[in-house]
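Structural features, examined
Spelled out, the chains give:
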Amino acid sequence: MGLLSNGNYMIMLILLVLSFALSLTCVNGGNFYQDFEVTFGDGRVKRFGRGQLLTLSLDPVSGSGFRSKREYLFGRIDMQLKLVSGNSAGTVTAYYLSSEGPTHDEIDFEFLGNVSGQPYTLHTNVYTKGKGGREQQFHLWFDPTLKFHTYSVAWSPKMIIFLVDNTPIRVFKNHEAKGVSFPKSQPMRIYSSLWNADQWATQGGRVKTDWSKAPFTAYYRNFNANPNHVAATAAFTDSKWQNQELNAWSRRRLRWVQKYFMIYNYCTDFQRFPQGVPVECKI
Ligand SMILES: *[C@@H]1O[C@H](CO)[C@@H](O)[C@H](O)[C@H]1NC(C)=O
């Protein structure tokens, strides 16, 4: 140390701190100031630090929401969420990808709250050309209000995979060859919102929001988009995404989730489709 003058020592220290800060921003990936904008709820959307953490809140006057500034066409989107804890009955935390217009495509995660001690329902859906009706619902194998968990969409021209902590819970394959439309030409934004849906959300709407517990809060961090956002039209030819397949471990996990945690599947709702379930269910 005797070799370094005080000035040199200071410069070294500054460099060290700078490179540490840089490595942090790289690890965290997304920045909620840079990458997202508020859609409603004003001050109910809060961002902390350098934008690594975001919270949404819901009170009797309003819920809140945000969306990505960018649009994406294929890619893998990861977000860590910690959901409204305690009595979250009546609340819905939505996290989805959507394009715009009457023939929009959409890939949905919706978390339906519950009374204390009862499980959330994770509701999923896929809209193509403005048409949804492809609901699958799950309970989770953990309490999603205690810690952050990672919810992801891996979207390629071949398939859409919904993942929870890297476990695939649902796969929607491209069956265009069989006449089923697939989202592949309309770029989507990432949206999230927290709102009151106590007419239907919890136990079929029988349990209402307990406003004495408001404001309700959901937490977001570590957003990461492995892009293919629209600026890169190379998306269509990116072999990594086109060749994406589930490996043996993922297929086993998917079967495990579908066997033990799936609570609704439109593909087996024969009452709802007396003329026969949709084509993609039969393939
Ligand atoms: C709430 O808890 C009940 C009872 O365990 C369960 O049937 C239901 O699926 C849960 N979720 C919602 C959103 O009602």
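Residues numbered from 1 in each chain as written. Predicted model: local features only at pLDDT ≥ 70, side-chain atom pairs only at ≥ 80, totals over all residues. Heavy atoms only, no water.

Leaving glycine aside, a negative phi is the common case for residues, and trans is the common case for peptide bonds. Proline 215 follows alanine 214 through a cis peptide bond whose omega is 0°. With respect to the secondary-structure elements, proline 215 resides in the loop between β13 (189-196) and β14 (216-226). Even without glycine at this site, aspartate 165 takes up a positive phi of about 50°. Checked against the element boundaries, aspartate 165 lands in the loop between β11 (159-164) and β12 (167-173). (Helix = DSSP H or I, 4+ residues; strand = E, 2+ residues; numbered from the N terminus.)

Moving on, we get to the pairing of strand β7 (residues 106-112). Each regular strand shows side chains that alternate between the opposite faces of the sheet. Among the seven residues of β7, seven are classified as buried, and the element is accordingly described as predominantly covered. Neither face of β7 is open: one carries Glu106, Asp108, Glu110 and Leu112, the other Ile107, Phe109 and Phe111, and all of them are buried. Both β7 and strand β8 (residues 121-127) contribute to a ladder of seven bridges, which runs antiparallel. Bridge assignment links glutamate 106 to a residue of β8, and that residue is tyrosine 127. (Buried < 20%, exposed > 50% of the residue type's maximum accessible area, 1.4 Å probe, protein only. Pairing = 2+ DSSP bridges.)

In the vicinity of the ligand, the contacting residues are Leu112, Gly113, Asn114, Gln118, Pro119, Thr121, His139, Ala201, Thr202 and Gln203. The backbone of glutamine 203 places a nitrogen or oxygen atom 2.7 Å from an oxygen atom of the ligand. For the ligand, whose unbound accessible area comes to 360 Å², protein coverage reaches 71%. Considering only residue class, the shell around the ligand consists of three nonpolar, seven polar and no charged. (Near = heavy atom within 4 Å. Polar contact = N/O pair within 3.5 Å; in protein donor to acceptor, adjacent residues only side chain to side chain. Areas by Shrake-Rupley, 256 points an atom, 1.4 Å probe, with all protein chains shown as cover. Nonpolar A, V, L, I, M, F, W, Y, C, P; charged D, E, K, R; others polar.)

Here the protein averages 89 in pLDDT, while 83% of its residues score no lower than 70. Note that pLDDT drops below 50 for residues 22-28; the model gives that stretch five contacts with residues more than four away or on any other chain. (pLDDT = per-residue confidence, 0-100. Contact = heavy atoms within 4.5 Å.)

What follows deals with the sheet that holds strand β2 (residues 45-48). Spatially, the seven strands line up as an open sheet ordered β2-β3-β14-β5-β10-β11-β12, and their pairing is antiparallel. Across the chains shown, the open sheet's two edge strands, defined by having one partner strand only, are β2 and β12. Neighbouring strand axes in the sheet, compared pairwise and without regard to direction, differ in orientation by 20° on average. Relative to strand β3 (residues 53-58), β2 runs antiparallel, the two being bridged by four bridges. (Axes fitted to C-alpha atoms, helices over the stretch in contact; angles between N-to-C directions.)

The sheet built from eight strands is open, its strands ordered β1-β4-β13-β6-β7-β8-β9-β15 with antiparallel pairing. Both edges of this open sheet fall to β1 (36-40) and β15 (262-265), since each of them pairs with a single strand only. Across this sheet, the average inter-strand angle for adjacent strands is 15°, counted without regard to direction. Across eight bridges, the pairing between strand β6 (residues 91-98) and β13 is antiparallel. The residue of β13 that forms the bridge with leucine 97 is isoleucine 190.

Another aspect to go through is a positive patch on the surface. Where like charges cluster on the molecular surface, the positive patch consists of Lys173, Arg251, Arg252 and Arg255. Per element, the largest residue contribution to the positive patch is three residues, and it comes from helix α3 (residues 248-260). Here arginine 255 is to be found in helix α3. (Patch = residues over 30% accessible without salt bridge, like charges linked within 9 Å, V, L, I, M, F, W, Y side chains within 5 Å. Salt bridge = Lys/Arg side-chain N within 4 Å of Asp/Glu carboxyl O. Lys, Arg positive; Asp, Glu negative; His and termini not counted. Charge placed at Lys NZ, Arg CZ, Asp CG, Glu CD.)

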